[in-house]
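Secondary and tertiary structure notes
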Amino acid sequence: MSRLTRRRALCLLGGPVLAGAGLGFVREAAGEDHAHMADTADGPVHEAHEAAGHAGFAGSGVVDPAVNGFDPSAMVRDFDWGKTRRLASGRVLREWELVAVDKEFQVAPGVSYAGWAYNGRVPGPTLRAREGDLLRIRFANASAHPHTIHFHGIHPAFMDGIPGIGAGLIGTGGSTVYEFDAHPFGLHLYHCHAGPLSAHIAKGLYGAFIVDPKRARPEADELVMVMNGFDTNFDQANEIYAVNTVGFHYLYRPVVVERGAPVRIYLVNILEFDAVNSFHIHANFFHYYPTGTSLTPAEYTDTIAQVQGQRGILELAFPHEGKYMFHAHKTEFAELGWMGFFDVRS
Ligand code: CU
Ligand code: CU
């Protein structure tokens with residue numbers, strides 16, 4: 001089996017997309033019949049499919065969630081509020097346990113990645129709290145490498161989860177407790193801050209961290225999307241791009257939403273090695289709240305860009321039924337996996 005390089009991945013995935021076979025993937029995902037595909041499935045398209053087979057890269061289909069132990073279709077609506085109890089002061093104490101492990105998982109069918117994960121999943125659990133809660137995160141390191149958890153938010157240096165300050169690096173078998181206030185409200189993130197930082201983030205040690213305003217946002221169908229990528233041959237360039245880790249997952253398993261219902265997307269960019277990521281939705285517009293720190297949207301648009309560590313909240317509703325594509329508007333990323341569908345139903 002030949003190694004998957006970025007150029008090869010683009011040839012196998014993006015090539016067919018450019019040549020029109022991508023429409024085949026789309027039709028397949030949309031459940032349309034294969035008769036039309038036969039018309040286009042000759043020449044370069046056929047070759048591309050064969051090449052994909054030889055590379056052991058299916059180029060289509062989903063990774064069996066049983067293989068990874070996590071399922072992007074479940075993760076997209078999975079919010080972890082922790083264990084809570086009310087303190088004598090009346091404040092809510094919210095506690096979580098996070099364990100760093102070494103873990104191999106598939107980022108596309110047949111494409112394995114030897115990564116690191118919080119609680120066995122990439123991204124790690126989406127931690128959620130209310131502004132003013134007291135947060136306590138018990139961190140244990142069961143990985144063969146030293147790690148930390150660095151949270152975005154406002155807190156003392158001692159709790160910042162970087163090497164050399166406070167508990168510093170947590171070695172194999174070690175543990176620590178991070179404790180701080182949930183502040184400010186908004187959409188934040190957490191990630192390992194051990195060096196080399198690019199490796200510790202690229203390997204999968206990150207997750208979304210949501211602090212709700214004291215007065216909750218209006219009811220909505222809430223989704224969390226962490227934009228990431230994987231350098232499967234360790235050449236400092238990604239071969240696979242995704243939302244919630246598995247390339248093209250939501251192409252084959254669209255995110256089903258209700259027509260007319262409010263949808264809120266918590267969007268985080270943690271992509272390593274590339275300067276900018278983006279999110280674009282088809283046939284619709286959304287209100288955008290950068291970092292989620294204001295209740296007044298900053299923009300009404302169909303495309304936004306985020307550098308690494310940037311995040312924001314998108315609010316929208318779908319007025320019409322049907323399948324609507326969402327993807328990085330950096331088309332190369334879309335062709336390498338960062339592309340999916342909303343399936344809007346009544
Ligand atoms: Cu680390
Ligand atoms: Cu950060």
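Predicted model only: the values in this text are computed from it and were never measured.

Let's talk about the pattern of salt bridges
Under the defined criterion, the tally for this structure stands at 14 salt bridges. Salt-bridge contacts for R128 lead to E222; the nearest nitrogen and oxygen are separated by 2.7 Å. With R128 in strand 4 (residues 127-130) and E222 in strand 10 (residues 221-230), the pair connects residues that are 94 residues apart, well separated along the chain. Given the relative accessible area of 5%, R128 is considered buried. For E179, the salt bridge is made with R136, and the minimal N-O distance between the two is 2.7 Å. Note that E179 is positioned in strand 7 (residues 175-181) and R136 in strand 5 (residues 134-141), a separation of 43 residues in sequence. Look at R136 and you get buried, because its relative accessible area is 19%. Each of R128, D212, E222, R264 and E315 takes part in a single network of salt bridges with overlapping partners.

Side note on the coordination of the copper ion (ligand 2)
Taken together, H152 (NE2) and H191 (NE2) make up the protein donors of the copper ion (ligand 2), found 1.9 to 2.0 Å from the metal. Here H152 is found in the loop between strand 6 (150-151) and strand 7, whereas its partner H191 is found in strand 8 (residues 186-191), with 39 residues between them in sequence. Neither H152 nor H191 differs from the other in exposure class; each is buried.

A few points about the sheet that holds strand 11 (residues 240-243)
Here we have six strands laid out as an open sheet, ordered 11-10-13-18-15-16, and mixed in their pairing. Edge positions in the sheet fall to strand 11 and strand 16 (299-301), since each has one partner strand and no second. Neighbouring strand axes in the sheet, compared pairwise and without regard to direction, differ in orientation by 25° on average. One ladder, built from four bridges, connects strand 15 (residues 286-290) with strand 18 (residues 311-316); its direction is antiparallel. Bridge pairing links H287 to E315 in strand 18.

Brief notes about the packing of aromatic side chains
The tally for this structure, following the rule as stated, stands at 24 aromatic pairs. Pairing F105 with F230 gives two aromatic rings, centres 5.8 Å apart and planes at 80°, and the pair type is edge-to-face. Placement of F105 in strand 2 (residues 92-108) and of F230 in strand 10 is noted, with a sequence separation of 125 residues between them. Across the pair, exposure class does not vary: F105 and F230 are buried alike. Here F326 and F342 contribute two aromatic rings whose centre-to-centre distance is 4.6 Å and whose plane-to-plane angle is 40°, an arrangement assigned as tilted. You can see F326 sitting in strand 19 (residues 322-327) and its partner F342 sitting in strand 20 (residues 339-345), a full 16 residues away along the chain. Judged on exposure class, the residue F326 and its partner F342 are both buried.

Focus: the nonpolar core
In this structure, M225, I265, F279, F318, W338 and F342 are the most contacted members of the largest nonpolar core, which totals 56 residues. The element best represented in this core is strand 10, accounting for six residues. When near neighbours in sequence (up to four residues on either side) are disregarded, F279 contacts M225, I265, L267, F286, D302, T303, I304, L314, F326, H327 and W338. Core analysis: the next-biggest nonpolar cluster, separate from the first, contains 24 residues, W96, L98, W116 and Y190 among them.

Quick notes on the coordination of the copper ion (ligand 1)
Bound to the copper ion (ligand 1) are the protein donor atoms H147 (ND1), C192 (SG) and H200 (ND1), situated 1.9 to 2.0 Å from the metal. In terms of primary sequence, the donors binding the copper ion (ligand 1) are separated according to H-x44-C-x7-H. With H147 in the loop between strand 5 and strand 6 and C192 in the loop between strand 8 and helix 7 (197-202), the pair connects residues that are 45 residues apart, well separated along the chain. With a relative accessible area of 0%, H147 lands in the buried category.

Here we look at the sheet that holds strand 9 (residues 206-212)
With mixed pairing, the four strands of this open sheet are ordered in space as 4-9-8-6. Looking along the sheet, the strands with just one partner apiece sit at the ends: strand 4 and strand 6. When strand 4 meets strand 9, the two strands line up parallel, connected through four bridges. In the strand pairing of strand 9, L127 is matched with F209.

Structural notes on the confidence of the model for the protein chain
The predicted coordinates of low-pLDDT regions are not to be read in fine detail. Counting all residues, the mean pLDDT for the protein chain is 88, and 84% of those residues have values of 70 or more. Throughout residues 15-59 the model reports pLDDT below 50, and contacts reaching past four residues in sequence, or to other chains, amount to 54 contacts.

Regarding the environment of G161
Along the chain, G161 turns up in the loop between strand 6 and strand 7. The buried category is assigned to G161, whose relative accessible area is 3%. When the C-alpha positions of G161 and Y190 are compared, they lie 9.6 Å apart, and in sequence the two are 29 residues distant. For G161, the residues in contact, after removing those within four places along its chain, are T148, I149, H150, Y178 and H193.

What counts, and where the lines are drawn
- Residues numbered from 1 in each chain as written.
- Chains lettered and ligands numbered in written order.
- Predicted model: local features only at pLDDT ≥ 70, side-chain atom pairs only at ≥ 80, totals over all residues.
- Heavy atoms only, no water.
- Salt bridge = Lys/Arg side-chain N within 4 Å of Asp/Glu carboxyl O.
- Helix = DSSP H or I, 4+ residues; strand = E, 2+ residues; numbered from the N terminus.
- Buried < 20%, exposed > 50% of the residue type's maximum accessible area, 1.4 Å probe, protein only.
- Donors = N, O, S within 2.8 Å, 3.2 Å for Na, K, Ca; no water.
- Pairing = 2+ DSSP bridges.
- Axes fitted to C-alpha atoms, helices over the stretch in contact; angles between N-to-C directions.
- Phe/Tyr/Trp six-rings, centres within 6.5 Å; stacked < 30°, edge-to-face > 60°.
- Core = buried A, V, L, I, M, F, W, Y, C linked by side-chain atoms within 4.5 Å.
- Contact = heavy atoms within 4.5 Å.
- pLDDT = per-residue confidence, 0-100.

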